[in-house]
Amino acid sequence: MTQLGLPESIQACLFDLDGVVTRTAVVHAAAWKETFDAFLRERDGEDFRPFDSAADYDEYVDGRPRADGVRTFLASRGIELPEGKPDDPPDAATVNGVGNRKNALVLEKIRTDGVEAYDGTMRYIQAVRAQGLRTAIVSSSANTRDVLRSIRAEQLFDVRIDGVVAAERGLPGKPHPDTFLAAARDLDVEPSRAAVFEDALAGMDAGRSGRFGYVVGLDRVGQTDALYAHGADIVVKDLDELGDRS
């Protein structure tokens, strides 16, 4: 293992955004809860079963593209909606409408509270680049570029594969490995020589099925066992714990 805590064969590092680079996973979880609770209340009345910010978030929406998250969670409740169109208004009873309601809430929360980066991750990325490894940001978020700019981190990544790029290229999102595979391809690195850094169970699944050289799980919410079960090679609470760079 290197001083970075990675196998010697690793040439590139592929980082998720929310929950790995930025402290925005909690913002997304809150926005999903507000969105789904409002939808379910309108549909089922005051006796509706609320969205669980822990169990439902981890299982059905975390790490997935927005529309996939809507479909997957609602399917768990036996609900199917028409797809609608990408520009559906936030009050439309469609997959895209519900997703757009959630996105509007996320953007409002980010504008109000700002975005904070994980210091340990920022130090680790700088160490990775100092060692000559290539880097990519891989996120299902369509707001990735704006978030990176807000924390002055856009220049730390050689490649960006996000919700915008995935839509342009027709790439399925996590738990499929396609976005990570696209990042490795853009970096001209074989998947077996790339490390994936993720906090979401869907991201672990993508790392495992893509046969990447190393999969690092970030346990921000006490789900170490689940991260290992979904394919992590190692789980840490912060990237400062990974390797010995003293």
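Here the structure is a predicted model, which means the values were calculated and not measured.

Reading the values: the criteria
- Residues numbered from 1 in each chain as written.
- Predicted model: local features only at pLDDT ≥ 70, side-chain atom pairs only at ≥ 80, totals over all residues.
- Heavy atoms only, no water.
- Helix = DSSP H or I, 4+ residues; strand = E, 2+ residues; numbered from the N terminus.
- Buried < 20%, exposed > 50% of the residue type's maximum accessible area, 1.4 Å probe, protein only.
- Contact = heavy atoms within 4.5 Å.
- Areas by Shrake-Rupley, 256 points an atom, 1.4 Å probe, with all protein chains shown as cover.
- Lys, Arg positive; Asp, Glu negative; His and termini not counted.
- Charge placed at Lys NZ, Arg CZ, Asp CG, Glu CD.
- Axes fitted to C-alpha atoms, helices over the stretch in contact; angles between N-to-C directions.
- Parallel < 35°, antiparallel > 145°, perpendicular 65-115°, else oblique.
- Left-handed = near helix turned anticlockwise from the far one by under 90°.
- Nonpolar A, V, L, I, M, F, W, Y, C, P; charged D, E, K, R; others polar.
- 1 Å grid on protein atoms, 1.4 Å probe; cavity = no way out; pocket = protein on both sides within 12 Å on 5 of 7 lines; lining within 4 Å.
- Points joined across faces, edges and corners; volume = space filled by probe spheres on them.
- Salt bridge = Lys/Arg side-chain N within 4 Å of Asp/Glu carboxyl O.
- Polar contact = N/O pair within 3.5 Å; in protein donor to acceptor, adjacent residues only side chain to side chain.

Enquirer: What am I meant to see in the overall build of the protein chain here?
Expert: Per the secondary structure count, the protein chain includes 10 helices and 6 strands. By residue count, 52% of the 246 residues in the protein chain fall in the buried class. Of the contacts formed within the protein chain by residues at least 6 apart in sequence, a portion of 61% connects residues at least 24 apart. For the protein chain, the exposed area adds up to about 11200 Å²; of that, 46% sits on carbon and sulfur atoms. Looking at the protein chain, you have 30 positive and 43 negative side-chain charges, and the mean spots of the two groups are 3 Å apart.

Enquirer: When you look at the packing of helix H3 (residues 66-76) against helix H4 (residues 95-113) in this model, what are you seeing that I'm missing?
Expert: Two numbers describe a pair of packed helices, the interaxial angle and the distance between the axes. Look at H3 against H4: their axes get within 9 Å of each other, and the N-to-C directions meet at 115°. Judged on the interaxial angle alone, H4 and H3 are roughly perpendicular. Crossing of H3 over H4 shows right-handed handedness. On the side of H3, the interface is formed by Arg66, Ala67, Val70 and Arg71, while H4 contributes Val95, Val98, Gly99, Asn100, Lys102 and Asn103. Partitioned by chemical class, the residues of the contact of H3 with H4 number 4 nonpolar, 3 polar and 3 charged.

Enquirer: I tried to follow the layout of surface pockets on my own but got confused; where do I start?
Expert: Any empty space left between the atoms is revealed when a probe the size of a water molecule rolls over them. If you add up the space inside the largest pocket, you get close to 720 Å³. Listed by contribution, the elements that provide at least two residues to the lining of the largest pocket are helix H1 (25-44), helix H2 (55-61), H3, H4 and helix H7 (163-169). Classifying every residue of the lining of the largest pocket gives 13 nonpolar, 14 polar and 10 charged. Here the second largest pocket is characterised by a volume of approximately 260 Å³. Considering the residues around the second largest pocket, the lining is formed by 16 residues, among which Ala25, Val26, Tyr57, Arg220 and Val221 are closest to the centre.

Enquirer: Would you mind going over the pattern of salt bridges with me for this structure?
Expert: Note that side chains of opposite charge can pair when their charged atoms are close. The full count for this structure, using the stated rule, is 20 salt bridges. Salt-bridge contacts for glutamate 198 lead to lysine 174; the nearest nitrogen and oxygen are separated by 2.6 Å. Of this pair, glutamate 198 sits in strand E4 (residues 194-198) while lysine 174 sits in the loop between H7 and helix H8 (178-186); the two residues are 24 residues apart in sequence, bridging distant segments of the chain. Owing to a relative accessible area of 0%, glutamate 198 belongs among the buried residues under this scheme. Assessed through its relative accessible area of 3%, lysine 174 is described here as buried. One continuous salt-bridge network, built from bridges that share partners, spans Asp16, Lys174 and Glu198.

Enquirer: Is there a simple way to think about the environment of alanine 206 in this case?
Expert: With respect to the secondary-structure elements, alanine 206 resides in helix H9 (residues 201-209). Owing to a relative accessible area of 0%, alanine 206 belongs among the buried residues under this scheme. Taking the C-alpha atoms as reference points, alanine 206 and aspartate 58, separated by 148 residues in sequence, lie 15 Å from one another.

Enquirer: Can you walk me through the side chain of aspartate 16 in this structure?
Expert: Inspection of the secondary structure assignment puts aspartate 16 in the loop between strand E1 (12-15) and H1. Taking the relative accessible area as the measure of exposure, aspartate 16 reaches 5% and is therefore buried. Side-chain polar atoms of aspartate 16 contact the side chain of lysine 174, separated by 3.1 Å. In this structure, aspartate 16 is in contact with Val21, Ile137, Val138, Ser139, Lys174, Phe197, Glu198 and Asp199, ignoring residues within four places of it in sequence.

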